[in-house]
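# Structure at a glance
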Amino acid sequence: MPPSSPDRVIPTLHRASTVALGVCAIIYGILVVNAPLDSEQGVIQKILYIHVPCAMAAYLGFLLTAIGGGLYLWKRDERFDRFAASAAEVGVFFCALVLVTGPIWGRGTWGTWWSWDLRLTVTLLLFLVYLSYLLLRSFTEGTERTARFAAVYGIAGLAVIPLNYFAIDLAGGRSIHPQNLEGGSLGVGMVMPFAMGAVTAIVAFSHLLLGRIDIARLRAQLAEREAEREMRGGDGSPWDI
Amino acid sequence: MGYLIAAYLIGVGGVLVYAVYILRERRALRTAISQGEESNPG
């Protein structure tokens, strides 16, 4: 039987993204090393080039989880459910990186690893919301009901993203977290390493997502084959009745 | 400088570890599928 379209397209895209990620990582590394030092924070400010791009990738992961969930509810196609679950996993991974790199930066600049600041707290909440999504799925894997519930949960969880983004404004000047980046807020020579950081994070996100979707597809294929084998009368072992 | 190196090691290292896990898992699943096909042709 000739392989179906996703059987060929996803692995090919995954291989292409490996090359793209390698090229981006080299350019990104060169730009970060040569980026100018911040006059106030010094060298530790360069954590910005990994911390914020990871946050962008996490947002993208959760947005795609909601889109995949919405498409699943509309089309009832398992592939959208697998896409949503894969995007959530990669999103949670990048959100974990945000929660690790942020405190390291905080320790170096504020002198503390953690503060129950609104932005930090809502980032932790965002992480826990989608970690719960993954845990709930793992407890009740495979049913159509799980997929439907996960789709609704994934869409509802998206409400935390604007709260997270605007947390600094909502805190009304009481936040110790720096303001969101806006046009012109980066110093001279800092735009290129930051932009390349964002591009590299998105390419890394795509690479991991494609790989994760392929795993989900292969697992479904394997489960289908095993179910077919059982339907045909077991695996031929002497214990089969 | 130590904090900066730690942040980048965790970030880049994390992506690498996750990418390697994905590669190994895909390989294992492909092997399991092809072994199933060999033992049950058709």
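Parameters and conventions
- Residues numbered from 1 in each chain as written.
- Chains lettered and ligands numbered in written order.
- Predicted model: local features only at pLDDT ≥ 70, side-chain atom pairs only at ≥ 80, totals over all residues.
- Helix = DSSP H or I, 4+ residues; strand = E, 2+ residues; numbered from the N terminus.
- Buried ≥ 20, exposed ≤ 12 C-beta atoms within 10 Å, placed from the backbone.
- Contact = placed C-beta atoms within 7 Å.
- pLDDT = per-residue confidence, 0-100.
- Nonpolar A, V, L, I, M, F, W, Y, C, P; charged D, E, K, R; others polar.

This paragraph deals with the overall build of chain A. Of regular secondary structure, chain A possesses eight helices and zero strands. Each helix and strand of chain A, placed in order from N terminus to C terminus, yields the pattern α-α-α-α-α-α-α-α. Seen through its principal axes, chain A has C-alpha atoms that stretch 75 × 35 × 35 Å. A buried classification covers 37% of the 241 residues belonging to chain A. Restricting to contacts in chain A with at least 6 residues of sequence separation, those with at least 24 account for 81%.

On to the confidence of the model for chain A, then. Residue and element names in this part refer to chain A. Mean pLDDT for chain A: 89, with 93% of residues reaching 70 or above. Across chain A, helix α2 (residues 48–75) holds the top mean pLDDT of 96, while helix α7 (residues 167–170) sits lowest at 82. For the stretch residues 236–241, pLDDT sits under 50, and the model shows two contacts to residues farther than four places along the chain or on other chains.

Below, the discussion takes up the interface of chain A and chain B. It is common to give the size of an interface as the accessible area lost on bringing the parts into contact. On the side of chain B, 21 residues touch chain A, which itself brings 27 residues to the contact. Residue assignment for the side of chain A that touches chain B shows that the elements contributing at least two residues are α2, α3 (78–109) and α8 (191–231) of chain A. No other element matches the 13 residues that α8 of chain A contributes to the side of chain A that touches chain B. The residue inventory of the side of chain A that touches chain B, partitioned by class, reads 15 nonpolar, five polar and seven charged.

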